[in-house]
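Below, each chain spelled out in residue letters.
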Amino acid sequence: MRYKVLTVDDSKTVRIIVKKAFKPFDVEIFEAANGVEGLAVAAKETPDLILLDITMPVMDGVEMLTKLKSDPALKAIPVIMLTAEGGRDNVLKIAKIGVRDYLVKPFKEEVLIEKCSRVIDLKPVNEGPAKAKSILDPADILIVEDKPAIIQQIQEGLKHTPWRIKGVATQGEAIDCATKATPDLIVVSLSLPEDAAFTFFRMLRTNLKTKYTPVFALVVKTEVAQQQQAQTMGFSAIITKPIEMSELESKAAKAMNLDTSQRYYAINGDLMVMRLPEICSPAVLAEAATYLKPKFAEAVDAGFNKVVIDIHQVKSLHMGIIKLLFQAMQTCRDLAMHFVLVGNPQIISECKGFEDTRGWTFCDSIDDAKNTLSKAPVAVPQMAGASA
Amino acid sequence: MHLFTRNLADLMPATAEITEALIREYINRAVTDVFKTMVGREPSFSTPADTPQQSQSLTPPDRPQVVGTVGFLGDVNGLVYLHLDLAFARLCTCHLLGMTEQELDEAGDEVINDAIGEMTNMTVGSFKNGLCDAGYPCKLTIPSILRGTNFSIEPISSAVRHVYFFDCAEHRVVADILMKSDDQG
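The structure presented is a predicted model; accordingly, all values stated were derived computationally and were not measured.

Here we look at the overall build of chain A
In terms of helices and strands, chain A carries 14 helices and 15 strands. Dimensions of chain A, computed from the C-alpha atoms along their principal axes, are close to 85 × 50 × 30 Å. The 388 residues of chain A split such that 49% are buried. Restricting the contact set of chain A to residue pairs at least 6 apart, pairs at least 24 apart contribute 69%.

Here's what the structure looks like:
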């Protein structure tokens, strides 16, 4: 929803400054040069917020505010006074009529936006379709944790990613870091003294810059009450200690809205490779499944019709993996793509133990798979097992 | 030093005397706040070598000036003229509105007048808010603009004048305050 803001000021300069301040946000600005015009625009557009000056010709701001508040159709519109009239008595008199806030000129644009954001949910404007950030792009993660060993553990566990991980021990340091350069993700330990994590979270959510930054709660697995409190408050995710790094990585990528498809799908020469990692947790399988159909369709669209389903890194087979592999094979058949499986001795042996996978055949390596696919018949192989 | 007291001042314990020091403090704070906040430049209070005479121009005679005027009316009455040379007025306007010099040329003088009018409004507003809080409620008038070169403003005999100079980014800003003398005790 695009918010409407009405600025009522006889100074064109102020109206331009207001428009300039709101430019980065998805807001439609309406202008009026005095109270009469202001009431007319308010009645026509029903704005979500009015910024109102006091000293104006024709009808001043106090009169406009009084009329606005006595009109049943308009009285609910929140008003922020933006005026050079800042004497205590004046402010008190106007506050009694009913205003949401009061900003005395001169004013900084950031302060105006900050006050307005308390009334309407300002969202940055999307200038065209932004290129999705991928798992291969750098991102900044702030860890707020008073135990250095945990910070070190996270830094070590995620060192294979391009993410920059900064650890701080106190709420004060965290506020400094978060406000200077907004991180892409914040992970805060709920064990910080004096409920500092919750205070910090509230502060992040009231700050326009960090309002939408994903915040994870880091908590000991058995601290159920704290986990419930974090969920109620709206933390983006709960990460339990001891930390399962693949879970943290997966949730972090999801929270930062990263395109993680490159983890599982890549183009290699004239074929597409679908690759599963060593440990296939339910989160990993769900993530791979999300991209499966779109990635296969994208490959076909780009002229690729050969697929290598590579599970040679997988340590152990389970039903989740088998289900995903069936889904991949069915997608290949639907899209008329040729495919082969690449496995390791352990996986091949485990496949013999399941009725549904007993007939699958595997190549030993990608090169072997490429050779097999180069000899592939024009027709798509029938699936009892893989089409090698 | 000029000393102002209100007729009712003695009856209102919350009311402070409007002394020259108070006026200087309020205008200094107002000018500093407005130029620092709105155009990112911090003016410094400056004491001229000679106190200007009543009929003397407050600004160099060869520099075109843009002068904003805003009055305050209430328990204390007066008028403030804020003098800026044209070059500085243009610079302030560009900064306020995020415009280039070329865009400003295309927009015309009206834009400069409006911007300087608003800066004067903010300055006088801030100044008079100090007076209000000191126990002298008053309201602002709508800004107006004077433009010209080599001119002087002569107050009527019943007005008391205070002139303050500020140096700001190699430019001089002059705040010329005229207060009605019947506001004095």
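Structure's up, so let's keep going.
So, the overall build of chain B
Looking only at helices and strands, chain B has 4 helices and 9 strands in total. Helices and strands in chain B line up, N terminus first, as β-β-α-β-β-β-α-α-α-β-β-β-β. Out of the 185 residues belonging to chain B, those deemed buried represent 51%. In chain B, of all internal contacts separated by at least 6 residues, the share reaching a separation of at least 24 is 66%.

Comments concerning the sheet that holds strand E11 (residues 265–268) of chain A
Residue and element names in this part refer to chain A. Spatially, the 5 strands line up as an open sheet ordered E11-E12-E13-E14-E15, and their pairing is mixed. In this open sheet, the two strands that pair with only one neighbour each are E11 and strand E15 (362–363). In terms of strand pairing, E11 meets strand E12 (residues 271–275) through 4 bridges, oriented antiparallel. Following the sheet pairing, Ala266 is matched in E12 by Val273.

Quick notes on helix H2 (residues 86–97) of chain B
Residues and elements named next belong to chain B. With 12 residues, H2 ought to run about 16 Å at 1.5 Å a step, and its terminal C-alpha atoms sit 16 Å apart, in line with that. Every buried residue of H2 is accounted for by Phe88, Ala89, Arg90, Cys92, Thr93, Cys94, Leu96 and Leu97. Within two residues after H2, Gly98 carries a phi angle of roughly 65°, on the positive side.

Brief notes about unusual backbone geometry
Residues and elements named next belong to chain A. A cis amide bond links Lys105 with the next residue in sequence, Pro106, at an omega value of 0°. Following the sequence through the fold, Pro106 ends up in the loop between strand E5 (101–104) and helix H5 (109–117). Omega for the peptide link from Lys241 to Pro242 comes to 0°, which places this bond in the cis form. For Pro242, the location among the structural elements is in the loop between strand E10 (237–241) and helix H10 (245–255). For Thr46, which is not glycine, the phi torsion reads 40° and is therefore positive. Among the structural elements, Thr46 can be located in the loop between helix H2 (35–45) and strand E3 (49–52).

Regarding helix H1 (residues 12–22) of chain A
Every buried residue of H1 of chain A is accounted for by Thr13, Val14, Arg15, Ile17, Val18, Ala21 and Phe22 of chain A. Of the residues flanking the start of H1 of chain A, the one acting as N-cap is Ser11 of chain A, its side-chain oxygen 3.2 Å from the backbone nitrogen of Thr13 of chain A.

Details of the domain arrangement of chain A
Splitting chain A by domain gives domain 1 (3–117), domain 2 (140–255) and domain 3 (261–374). Computed from C-alpha atoms alone, the centre-to-centre distance between domain 2 of chain A and domain 3 of chain A is 35 Å.

A word on the interface of chain B and chain A
Taken residue by residue, the interface counts 25 residues in chain B and 24 residues in chain A. For the pair chain B and chain A, the summed buried surface comes to about 1900 Å²; carbon and sulfur atoms form 57% of the total. Between chain B and chain A we count 2 salt bridges in total. For Lys105 of chain A, the salt bridge is made with Glu118 of chain B, and the minimal N-O distance between the two is 3.2 Å. Applying the counting criterion to the chain B and chain A interface returns 13 residue pairs in polar contact (both at pLDDT 80 or more). Those elements that provide at least two residues to the side of chain B that touches chain A are helix H1 (20–39), H2, helix H4 (109–133) and strand E6 (138–140) of chain B. In terms of residues, the side of chain B that touches chain A owes the most to one element, H4 of chain B, which gives 12 residues. Broken down by class, the residue content of the side of chain B that touches chain A amounts to 11 nonpolar, 8 polar and 6 charged.

A few points about the confidence of the model for chain B
For chain B, the mean per-residue pLDDT works out to 83, and 82% of the residues sit at or above 70. Every residue in residues 1–14 of chain B is under pLDDT 50, and counting partners more than four places away or in other chains gives 35 contacts.

Things to note about the packing of helix H11 (residues 282–301) of chain A against helix H12 (residues 319–334) of chain A
All names here are of chain A. Running from N to C, H11 and H12 point in directions that differ by 5°, and their axes come no closer than 10 Å. Here H12 runs roughly parallel to H11, going by the angle between their axes. Here H11 contributes Leu285, Ala288, Ala289, Leu292, Lys293 and Phe296 to the contact with H12, which in turn contributes Gly320, Ile321, Leu324, Gln327, Ala328, Thr331 and Cys332.

Describing the sheet that holds strand E6 (residues 140–144) of chain A
All names here are of chain A. Taken in spatial order, the 5 strands of this open sheet run E7-E6-E8-E9-E10, and their pairing is parallel. Taken across any chain shown, the strands that pair with only one partner, and hence form the sheet edges, are strand E7 (164–168) and E10. Strand-to-strand twist of the sheet, defined as the mean angle between neighbouring strand axes without regard to direction, takes the value 20°. In the sheet, E6 pairs with E7 via 5 bridges, with the strands oriented parallel. For Ile141, the partnering residue across the bridge sits in E7 and is Ile165. Sitting on the sheet, H10 is in contact with strand E8 (185–189), strand E9 (215–220) and E10, with an inclination near 165° to E10.

Focus on the pattern of salt bridges
All names here are of chain A. Enumeration according to the criterion identifies 36 salt bridges over all chains in this entry. Close ionic contact of Asp121 with Lys211 constitutes a salt bridge, the shortest N to O distance being 2.9 Å. Of this pair, Asp121 sits in the loop between H5 and E6 while Lys211 sits in the loop between helix H8 (196–206) and E9; the two residues are 90 residues apart in sequence, bridging distant segments of the chain. Take Asp121: its relative accessible area is 27%, and that puts it in the partly exposed class. Using a relative accessible area of 17% as the deciding quantity, one classes Lys211 as buried.

What about the nonpolar core?
Grouped together as the largest cluster of nonpolar side chains are 69 residues, with contacts concentrated most on Phe22 and Leu112 of chain A together with Phe35 and Phe127 of chain B. Aside from chain neighbours lying at most four places away, what touches Phe127 of chain B is Ile23, Tyr26, Ile27, Ala30, Phe72, Val80 and Ile177 of chain B.

Criteria and cut-off values
Residues numbered from 1 in each chain as written. Chains lettered and ligands numbered in written order. Predicted model: local features only at pLDDT ≥ 70, side-chain atom pairs only at ≥ 80, totals over all residues. Heavy atoms only, no water. Helix = DSSP H or I, 4+ residues; strand = E, 2+ residues; numbered from the N terminus. Buried < 20%, exposed > 50% of the residue type's maximum accessible area, 1.4 Å probe, protein only. Contact = heavy atoms within 4.5 Å. Pairing = 2+ DSSP bridges. Expected span 1.5 Å × (residues − 1). Polar contact = N/O pair within 3.5 Å; in protein donor to acceptor, adjacent residues only side chain to side chain. Domains from an automatic or database assignment. Buried area = accessible area lost by both parts, 1.4 Å probe. Salt bridge = Lys/Arg side-chain N within 4 Å of Asp/Glu carboxyl O. Nonpolar A, V, L, I, M, F, W, Y, C, P; charged D, E, K, R; others polar. pLDDT = per-residue confidence, 0-100. Axes fitted to C-alpha atoms, helices over the stretch in contact; angles between N-to-C directions. Parallel < 35°, antiparallel > 145°, perpendicular 65-115°, else oblique. Core = buried A, V, L, I, M, F, W, Y, C linked by side-chain atoms within 4.5 Å.

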